[in-house]
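What follows is each chain in one-letter form.
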Amino acid sequence: MATDSDVLSSRIFETEITNTGAGNFSSVQRKRGATGNPAPAFPVETLRHWYVTPFGGMSVELEPFQVGINREALETNTSLDPSTDRVRVTVLGRVRRPLVLDRFFEVVPLDERHPEALRRSPMGEAVFPEGDDVFRPRDSPHAGDDVVISSVASQRLGLLDSDAFAEILQELFRNDRNEEQENS
């Protein structure tokens, strides 16, 4: 019996990629693969800075709070800059955590330096670190899941890492608490 995620995954695979350059409104420029060597099909940009890709598996080559994607797929199908962008990651169809409680992931371009992880992302699938299910027990993806990768916050707020964001929030809460005491 096919589940909703099986149907969605098969729809993504069957979708014709029409985002090929001139005449569209996406910032993503897709490159055509050489004959006999097709370009990776994923991630697919569904909204500006929102990408959907199948879950490719887990790898010991990645650190906690990293998400790996085939380097060629990143360059071909996304506007993500692994050196600066931090992304929110959720499994399609699951409830998203509030922004203030969420973790941001570092994007790791998978290439020959990560051979085991790269094998899990031949067409641009998302690869997570081994043990991710320990850090995020309810939110960790499983075989057949589609993963949403969002760089919207990173694009809107500039370079964003979890520690800096936590400091900003603490300062805002401190200021709010001080104002409440002054008003009492």
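### Let's talk about the pattern of salt bridges
Stage number 1. Applying the stated criterion across every chain, the model contains three salt bridges.
Stage number 2. For the salt bridge of R71 with D111, the shortest nitrogen-to-oxygen distance reads 2.9 Å. One end of the pair, R71, is in helix α2 (residues 71-77); the other, D111, is in the loop between β5 (105-110) and α3 (115-119), with 40 residues separating them in the sequence.
Stage number 3. Looking at D111, the relative accessible area reads 8%, which means it is buried.
Stage number 4. Between D111 and R113 there is a salt bridge, and its shortest N-O distance comes to 2.9 Å.
Stage number 5. Classification of R113 as exposed rests on a relative accessible area of 58%.

### Observations concerning the packing of aromatic side chains
Stage number 1. Under the defined criterion, the tally for this structure stands at three aromatic pairs.
Stage number 2. For the pair F65 and F105, a centre-to-centre distance of 5.8 Å together with 70 degrees between the ring planes defines the contact as edge-to-face. With F65 in the loop between β2 (50-59) and β3 (66-70) and F105 in strand β5, the pair connects residues that are 40 residues apart, well separated along the chain. As far as the burial class goes, F65 and F105 line up, both buried.
Stage number 3. Between F105 and F128, the aromatic rings sit 6.1 Å apart at their centres with planes inclined by 90 degrees, giving edge-to-face as the arrangement. Remark: F128 occurs in strand β6 (residues 126-129) and F105 occurs in strand β5; sequence separation between them is 23 residues. F128 shares its class with F105; the two are buried.

### Some remarks on the side chain of S59
Stage number 1. Checked against the element boundaries, S59 lands in strand β2.
Stage number 2. Of the residues examined, S59 reaches a relative accessible area of 0% and is grouped as buried.
Stage number 3. Only 3.0 Å separates the side chain of S59 from the backbone nitrogen of E61, close enough to count as a polar contact.

What counts and what doesn't
Residues numbered from 1 in each chain as written. Predicted model: local features only at pLDDT ≥ 70, side-chain atom pairs only at ≥ 80, totals over all residues. Heavy atoms only, no water. Salt bridge = Lys/Arg side-chain N within 4 Å of Asp/Glu carboxyl O. Helix = DSSP H or I, 4+ residues; strand = E, 2+ residues; numbered from the N terminus. Buried < 20%, exposed > 50% of the residue type's maximum accessible area, 1.4 Å probe, protein only. Phe/Tyr/Trp six-rings, centres within 6.5 Å; stacked < 30°, edge-to-face > 60°. Polar contact = N/O pair within 3.5 Å; in protein donor to acceptor, adjacent residues only side chain to side chain.

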